[in-house]
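Tertiary structure, described
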Amino acid sequence: MNRLRTYGLVSIAASLAFFALGLLTHTFEAVPGKIVDLKEIFGSSGGGSSTYKSPILSGRESPTESWISVEYRYIVNGNEYNSRLIGLYLPVNLSMPSFEKGQDVTVYLAPFNIASVLKRGADLRIVFALFVLGICLLIFYEWATKTRKENA
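What comes next is a walk through the structure. It should be emphasised that the depicted structure is a prediction, and the values quoted were computed from it without experimental measurement.

Considerations on the overall build of the protein chain
- Counting secondary structure elements, the protein chain contains three helices and five strands.
- Each helix and strand of the protein chain, ordered N terminal to C terminal, gives the series α-β-α-β-β-β-β-α.
- For the protein chain, the residues scored as buried account for 37% of the 152 residues in total.
- Across the protein chain, every contact between residues at least 6 apart in sequence was considered, and the portion connecting residues at least 24 apart equals 71%.
- Roughly 9700 Å² of accessible area belongs to the protein chain as shown, and the carbon and sulfur atoms make up 61% of that amount.

Here's what the structure looks like:
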């Protein structure tokens with residue numbers, strides 16, 4: 001039973017840590033980069049596939065789910081680096097500018113070149129989901145503990 005409480009607290013802590021890391025990306029240094037590769041998989045909620053481009057590639061609204069993979073290259077102190085990390089986001093239905101292969105982009109680089117991102121901030125969907133999960137687990141833990149004591 002204590003595991004529920006632990007999982008709830010860990011989930012809330014993870015949501016807060018994820019949010020803090022997202023805020024930290026606003027302090028990352030901006031460096032020039034270039035899109036090397038761009039892949040996108042998209043389909044409808046009914047399981048079928050769509051024949052038109054999603055908002056990421058075309059800038060249009062789309063009812064489809066869009067999973068993207070972007071590879072970009074940047075140079076720091078004469079060394080060339082490649083990365084696929086978009087940011088602290090789920091790679092689905094992102095609100096991002098349109099990208100094209102070979103396009104110049106701004107890459108946000110963490111101190112000591114630990115990580116780089118194309119989009120600053122944290123995905124609030126993840127933060128919210130982890131926080132709500134933690135609260136629900138704690139509520140269920142309290143309810144189960146109360147019920148157990150009443151029936152003992």
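A few points about the environment of Tyr81
- Looking at the element boundaries, Tyr81 is found in strand β3 (residues 79-83).
- Overall, Tyr81 belongs to the partly exposed group, its relative accessible area being 28%.
- Along the primary structure Tyr81 and Asn113 are separated by 32 residues, whereas in three dimensions their C-alpha atoms are 9.4 Å apart.
- Apart from the residues lying within four places of it in its own chain, the contact partners of Tyr81 are Tyr72, Arg73, Tyr74, Val76 and Asn113.
- For Tyr81, the side chain forms a polar contact with the side chain of Asn113, separated by 3.4 Å.

So, the pairing of strand β4 (residues 104-109)
- Taken together, the two bridges between β4 and strand β5 (residues 116-117) define a ladder with antiparallel strand orientation. By the bridge assignment for β5, Leu109 is matched with Ser116.
- Between the antiparallel neighbours β4 and β5 lie six residues, among them Phe112 with a positive phi of about 60°.

Thoughts on the pattern of salt bridges
- Per the counting criterion, the structure on display carries four salt bridges.
- Residue Lys34 pairs with Asp104 through a salt bridge whose shortest N-O separation is 3.0 Å. Of this pair, Lys34 sits in strand β1 (residues 29-43) while Asp104 sits in strand β4, placing them 70 residues apart in sequence.
- Classification of Lys34 by relative accessible area gives partly exposed; the value is 40%.
- Assessed through its relative accessible area of 56%, Asp104 is described here as exposed.
- A salt bridge links Glu80 to Arg73; the nearest nitrogen and oxygen atoms lie 3.0 Å apart.
- Using a relative accessible area of 32% as the deciding quantity, one classes Arg73 as partly exposed.

A short note on helix α1 (residues 2-24)
- Here α1 contains 23 residues, and its C-alpha end-to-end distance of 33 Å stays within 8% of the 33 Å for a straight helix at 1.5 Å per residue.
- Where α1 is concerned, the buried positions are Leu4, Gly8, Ser11, Ile12, Ser15, Phe18 and Gly22.

Rules used throughout
- Residues numbered from 1 in each chain as written.
- Predicted model: local features only at pLDDT ≥ 70, side-chain atom pairs only at ≥ 80, totals over all residues.
- Heavy atoms only, no water.
- Helix = DSSP H or I, 4+ residues; strand = E, 2+ residues; numbered from the N terminus.
- Buried < 20%, exposed > 50% of the residue type's maximum accessible area, 1.4 Å probe, protein only.
- Contact = heavy atoms within 4.5 Å.
- Areas by Shrake-Rupley, 256 points an atom, 1.4 Å probe, with all protein chains shown as cover.
- Polar contact = N/O pair within 3.5 Å; in protein donor to acceptor, adjacent residues only side chain to side chain.
- Pairing = 2+ DSSP bridges.
- Salt bridge = Lys/Arg side-chain N within 4 Å of Asp/Glu carboxyl O.
- Expected span 1.5 Å × (residues − 1).

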